[in-house]
Amino acid sequence: MASHIILPKEEEEPEQEQEAGQGVAVADHGSPQEPRGYRHMETAPKPLPFSATCVRISRDSYPNLRALRNASAVSLPDDDDAFAKLDEGDYGYVLDDVQHLTDYLPELPTFPNPLQDHPAYSTVKQYFVNADDTVPEKVVVQKDSLRGVHFRRAGPRQRVYFEPEDVKACIVTCGGLCPGLNTVIRELVCGLSHMYNVNDIFAIQNGYKGFYSSNYLPMTPKSVNDIHKRGGTVLGSSRGGHDTNKIVDNIQDRGINQVYIIGGDGTQKGAYEIFKEIRRRGLKVAVAGIPKTIDNDIAVIDKSFGFDTAVEEAQRAIDAAHVEASSAENGIGLVKLMGRYSGFIAMYATLASRDVDCCLIPESPFYLEGKGGLFEYIERRLKENNHMVIVVAEGAGQDLIAKSIPVADQLDASGNKLLLDVGLWLTHKIKDYCKSKKMEMTIKYIDPTYMIRAIPSNASDNVYCTLLAHSAIHGAMAGYSFTVGMVNGRHAYIPFHRVTSTRNKVKITDRMWARLLSSTNQPSFLSEEDINEAREADRLANRPPVPAGTGEHTKKHSTSLLANGSGDVPVPQPLHQPAAIFAAVHHRHLRQMSRRA
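Throughout, a residue's number is its position along its own chain's written sequence, starting from 1. Where local features are concerned, this predicted model is filtered to residues with pLDDT of at least 70; where side-chain atom pairs are given and counted, the filter is 80 or more; whole-chain, interface and lining totals use all residues. The side-chain figures draw on all heavy atoms in the structure; neither hydrogens nor water molecules are used.

## Details of helix 8 (residues 307-326)
Basically, it comes down to this: Secondary structure elements follow DSSP: runs of H or I of four or more residues count as helices, runs of E of two or more count as strands, with numbering from the N terminus. In a helix, the anticipated span is given by 1.5 Å times the number of residues less one. Per-residue accessibility, obtained with a 1.4 Å probe over protein chains only, is compared with the maximum for each type, and a residue is labelled buried under 20%, exposed over 50%, and partly exposed between these values. Residues count as neighbours in contact if any of their non-hydrogen atoms are within 4.5 Å of one another.
Taking 1.5 Å of rise per residue, the 20 residues of helix 8 would be expected to cover 28 Å, and the 28 Å separating its terminal C-alpha atoms lies within 8% of that figure. Among the residues making up helix 8, those that are buried are Phe-307, Thr-309, Ala-310, Val-311, Glu-313, Ala-314, Ala-317, Ile-318, Ala-321 and Ala-325. Close packing links the buried residues of helix 8 with strand 13 (331-337), helix 9 (344-353), strand 15 (387-393), strand 16 (442-446), helix 13 (449-453) and helix 14 (459-477).

As structure tokens, this is what we get:
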């Protein structure tokens, strides 16, 4: 499914209407005539153009919205489904909206945005984001495509729900380290202070537990002036420690009304729980999540901050492995990179390097022995080139290790499964194989994991971190609670549940993985049957259903990109959940391996 269609010129807005909102007032949350921020479409002889805002309707009014709700319920608890805000417009447009203070505090006053008098914005053509602006989740379209799911565009609003002198903001970082954390912290503090004249900004130390176990430290632009030049986080971080009631008690007691939470999917789940408790208590508090994961496995968004830096640093480790391997007879350089569930760092670092002969990721199962296995490929490659470089993501081959080294599953404080060292295990397996074949071989194992995640961010990530921080500030001041991220090159406010219910993974049926296989000239370690199964599962996961009882036009074009079933049609796997593909391939490989054994 695609996101939108290009309308004929005769249906476009008149020029004077298109310029509405450029440096002038636009209706948004809190405007007197429309307190909830949704404009109602008036009767017109022609269908409304692309820029028209959707109408708020009941979630049960249309089959496709029931399907979208049901699709979300696949991965959401029942109580979370009540927080979904789904709105529909013409041409199959669906807005997956974020929570707002007026959803439970409808009589809140609004205030002019201080940016309208800010000298830095005096030359900007359009001060504020139009209330109707949304960002499509999918941009590749065909002639008759529907507009699909959209998210609310990030940016400053003309009316805000906090006066600067009343704002008490706090910032917390959770989970593992990642390049760019200090840049985000710095830009949150400087952005709040310089753009919105906020003076009360506090640091929460050492993750979620810091809300109730540490003093809140005041932060100023001067105190964070040069922290972006350092790696790690100046606030400290930890895993676990999330006690929703204790956290919200302290937020309430200290008068905090804006909470900025930086962390991965587990951290964003915690932010969602904090928001729900805040809403239950009826507190005027905005919760802004800034997703952080070095693995780039956050759903919906284009990429997470720190990823570019991680790939760049990983390439240096690959270069070192290549030097070691090419300097020895039958030399092998083995590099383990981060990627618990998703192999994006390994894939992109391999493509960037061009010195890698084999890349192993969690999404693409592999086997060691037998025809077409890794050992056979290593032996052939050494005979051809006298050396080779192998890159393996930390989550790859865990099922193979578990078979050879039985161990009970253990979890870290965040609930993640503790992984066995695939690099060390693979090193010993390769040594044993070469010894059995009486092959002289030298192998160097390089694990740059903690070096990569502890460095400062590069120029690209610094810019990205700045934009994320500013977008988070604008959204919180406007009264939204959300996760912010870049979607198709535009910053957007995304519902918490959309970035926490699934993980972004490498699709082995996509062209990018094919490009890697072509670059390394490695075998895919998959049979034709495996690939056909993966393609079929991918096709079913992305095929829109036809809601029963709808018109011919709706039957031809499903009216929601996420509509994965409505009770009257078969329900394929939800979009952004390619796990079924890899599970099918994985189980087939296990069967093949057992037959070989």
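## Some thoughts on the pairing of strand 11 (residues 258-263)
Here is the rule: Any two strands between which DSSP finds at least two bridges are classified as paired.
Burial analysis of strand 11 places 6 of its 6 residues in the buried class, which makes it a mostly covered element. Burial along strand 11 is two-sided: the face carrying Gln-258, Tyr-260 and Ile-262 and the face carrying Val-259, Ile-261 and Gly-263 are both buried. In this structure, strand 8 (residues 168-173) lies alongside strand 11, joined through 5 bridges in parallel fashion. Among the inter-strand pairings, Ala-169 is bridged to a residue of strand 11, identified as Gln-258.

## Considering the sheet that holds strand 16
Hydrogen bonding along the main chain pairs the strands of a sheet, whether they run parallel or antiparallel. To keep it simple, the criterion reads: Here an axis means a line fitted to C-alpha atoms, over the contact stretch when the element is a helix, while the angle between two N-to-C directions is reported on a 0 to 180 degree scale.
Taken in spatial order, the 4 strands line up as 14-15-13-16 in an open sheet, and their pairing is parallel. Each edge of the open sheet is held by one strand with a lone partner, namely strand 14 (358-360) and strand 16. Each neighbouring strand pair of the sheet contributes to a mean axis angle of 15 degrees, computed without reference to strand direction. As paired strands, strand 13 and strand 16 are joined by 5 bridges and run parallel to one another. Bridge pairing in strand 16 links Val-335 to Ile-446. Together, strand 13, strand 14 and strand 15 form the strand contacts of helix 10 (residues 374-385), whose direction differs from that of strand 15 by roughly 145 degrees.

## Notes on the environment of Tyr-464
Position of Tyr-464 relative to the elements: it lies in helix 14. The buried category is assigned to Tyr-464, whose relative accessible area is 5%. Counting along the chain gives 159 residues from Tyr-464 to Phe-305, while the straight-line C-alpha distance between them is 6.6 Å. Those residues in contact with Tyr-464 that lie beyond four places of it in its chain are Lys-303, Ser-304, Phe-305, Met-486 and His-491.

## Things to note about the packing of helix 10 against helix 12 (residues 422-436)
Packed helices, taken two at a time, are described by the angle between their axes plus the distance between the axes. Formally: Put simply, angles under 35 degrees are roughly parallel, angles over 145 are roughly antiparallel, angles from 65 to 115 are roughly perpendicular, and the rest are oblique. Two helices that cross are described as forming a left-handed crossing if the nearer one is turned anticlockwise from the farther one by less than a right angle, and a right-handed crossing if clockwise. Throughout, the ten residues Ala, Val, Leu, Ile, Met, Phe, Trp, Tyr, Cys and Pro are labelled nonpolar, Asp, Glu, Lys and Arg are labelled charged, and all others, Gly among them, are labelled polar.
Interhelical geometry of helix 10 versus helix 12 gives an angle of 65 degrees and a closest axis separation of 11 Å. By the angle between their directions, the pair helix 10 and helix 12 is classed as roughly perpendicular. The element helix 10 and its partner helix 12 pack so that their crossing is right-handed. Seen from helix 10, the contacting residues are Leu-374, Phe-375, Ile-378 and Glu-379; seen from helix 12, they are Leu-426, Lys-429, Ile-430 and Tyr-433. Residue composition of the contact of helix 10 with helix 12, by class: 6 nonpolar, no polar and 2 charged.

## Focus on the packing of aromatic side chains
What counts is decided by this rule: Centres within 6.5 Å make a pair out of two Phe, Tyr or Trp rings, where for Trp the six-membered ring is used; the pair is then stacked when the planes are under 30 degrees apart, edge-to-face when over 60, and tilted otherwise.
The final tally for this structure, using the stated rule, is 9 aromatic pairs. Each ring, one from Phe-211 and one from Tyr-216, has its centre 6.4 Å from the other, and the planes form 85 degrees; the classification is edge-to-face. Residue classification places Phe-211 among the buried residues on the basis of a relative accessible area of 0%. Classification of Tyr-216 by relative accessible area gives buried; the value is 9%.

## Structural notes on the nonpolar core
For soluble globular proteins, nonpolar side chains are generally found buried alongside one another. For clarity, the cut-off: As used in this record, nonpolar core signifies buried Ala, Val, Leu, Ile, Met, Phe, Trp, Tyr and Cys residues forming a set joined through side-chain atoms within 4.5 Å.
By size, the foremost hydrophobic cluster in this structure holds 110 residues, and its most contacted members are Ile-171, Leu-188, Phe-211, Tyr-260 and Phe-305. Of all hydrophobic cores here, the second largest spans 27 residues; its members include Leu-334, Phe-366, Leu-368 and Tyr-377.

## Remarks on unusual backbone geometry
Excluding glycine, residues mostly carry a negative phi; peptide bonds, for their part, are mostly trans. Residue Val-300 is not a glycine yet carries a positive backbone phi of 75 degrees. Along the chain, Val-300 turns up in the loop between strand 12 (286-291) and helix 8. Look at Val-300 and you get buried, because its relative accessible area is 11%. The phi dihedral of Asn-386 is positive, around 70 degrees, even though this residue is not glycine. Within the secondary structure, Asn-386 sits in the loop between helix 10 and strand 15.

Shape descriptors only; they carry no functional weight alone.
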